[in-house]
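# Structure at a glance
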Amino acid sequence: MTEPVLSVRDLVVEIPTRHGLLKPVDGVSYDIARGEILGVVGESGAGKSMTGNAVIGLLDRPARIGEGEIYLNGTRIDNLSLHELRRYRGKQIGMVFQDPLTSLNPLLPIGDQLTETIQEHLGVSNSEAHNRAVAALDEVGIPAAKERIGSYPHEFSGGMRQRVVIALALCAEPSLVIADEPTTALDVSVQAQIIALLKRLCRERGMAVMLVTHDMGVIAETADRVAVMYAGKLAELGPVREVIGAPRHPYTDGLMGSTPLASKGKKRLHQIPGNMPRLGQLPTGCAFHPRCPYTQPKCKEDPGPRLKTCDGRAACWFPLDEPQATKGVA
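Here the structure is a predicted model, which is why all the values come from computation and not from measurement.

Given a rise of 1.5 Å per residue, 18 residues ought to cover 26 Å, and the 26 Å separating the end C-alpha atoms of helix 7 (residues 188-205) matches this to within 8%. As for helix 7, its buried residues are in contact with strand 3 (37-41), helix 4 (126-139), helix 6 (158-170), strand 8 (208-213) and helix 8 (216-222). Positive phi appears at Gly206, one or two residues downstream of helix 7, with a value of about 70°.

Quick look at the structure:
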């Protein structure tokens with residue numbers, strides 16, 4: 001077995017408040033191998049983006065890593081100082097945000113932003129940095145890259161700006177890329193182009209990609225494995241085709257039923273009743289039990305099992321593929 005590029009172990013993110021300690025990420029563990037795309041999916045507030053921000057060290061205070069360990073290519077990085085962590089951002093970890101305008105300086109040509117990043121992390125000459133910047137733009141599909149390297153962000157369309165952001169994330173040749181909702185603000189046709197681009201670059205470069213999204217369709221088209229999060233915890237983790245084709249956690253089943261991907265021609269999509277609980281108002285037992293159609297007494301009393309303590313696929317006391325005769329047996 002080769003060492004994973006990213007290894008997250010029992011990660012807990014804490015936010016101290018006057019009402020107590022909140023945990024937007026609670027005991028999350030997974031690995032991402034070289035050349036693999038892991039999709040992280042869930043409703044707003046599930047902890048998807050917070051997990052990615054913890055990995056790259058961009059948690060906004062007072063949020064902090066309370067427990068757990070994060071390893072990048074075998075080196076622990078969660079205990080590094082901000083100064084030490086800066087050496088990893090850009091060079092070993094690239095970041096693609098949802099809105100490219102928040103990632104690009106509107107006052108600088110895109111070429112200046114690319115060359116600055118390349119020189120910072122690779123230490124090459126001005127001419128070499130310029131050539132690498134042009135090559136990066138060409139690689140992500142920017143037409144006439146040599147001519148457009150002097151253009152400003154506002155001179156590009158939304159889809160082209162997102163390609164520039166991907167080039168910026170990749171120009172220092174990182175081994176891990178965290179893509180946080182990279183297609184949400186784009187129309188469907190451009191989404192498909194960005195998805196195809198991420199898949200191609202992941203395959204050609206052998207990068208590990210953490211793809212954060214709420215769109216199961218994007219997950220189905222892009223990811224190799226999928227991690228389903230609910231209320232800060234992993235609900236299900238497995239190969240994307242298995243999870244989509246035969247979801248084991250009731251929450252995953254509800255997500256699939258609420259998307260056209262799994263509607264199978266039905267006139268109405270399934271809707272998960274209720275809303276995700278607030279962090280300060282989590283119910284006792286399994287956090288999903290107030291919305292779950294299969295709730296049993298044990299679900300209301302005991303927190304759901306961790307993935308590593310059950311079958312490794314679904315953190316549920318009563319996975320959906322168990323025989324009906326075993327349902328309700330604690």
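Now that the structure has been shown, the text picks up again.
What follows is about the pattern of salt bridges. Applying the stated criterion across every chain, the model contains 14 salt bridges. With its nearest N and O atoms 2.5 Å apart, the salt bridge here joins Glu36 to Arg225. Taken together, the positions of Glu36 in the loop between strand 2 (20-32) and strand 3 and Arg225 in strand 9 (residues 225-230) put the pair 189 residues apart, joining distant regions of the chain. A salt bridge links Arg132 to Glu128; the nearest nitrogen and oxygen atoms lie 3.0 Å apart. Of this pair, Arg132 and Glu128 both sit in helix 4, four residues apart, which is roughly one turn of the helix. Taking relative accessible area as the criterion, Glu128 reaches 32% and is therefore assigned partly exposed. Through salt bridges with shared partners, one network takes in Asp26, Lys233 and Arg306.

The next thing to look at is the environment of Gly52. One can find Gly52 in helix 1 (residues 48-56). Residue class for Gly52 comes out buried when judged on its relative accessible area of 1%. The spacing of Gly52 and Ala179 is 127 residues in sequence and 8.6 Å in space, taken between C-alpha atoms. Aside from chain neighbours lying at most four places away, what touches Gly52 is Ile178 and Met210.

The rules we used
Residues numbered from 1 in each chain as written. Predicted model: local features only at pLDDT ≥ 70, side-chain atom pairs only at ≥ 80, totals over all residues. Heavy atoms only, no water. Helix = DSSP H or I, 4+ residues; strand = E, 2+ residues; numbered from the N terminus. Expected span 1.5 Å × (residues − 1). Contact = heavy atoms within 4.5 Å. Salt bridge = Lys/Arg side-chain N within 4 Å of Asp/Glu carboxyl O. Buried < 20%, exposed > 50% of the residue type's maximum accessible area, 1.4 Å probe, protein only.

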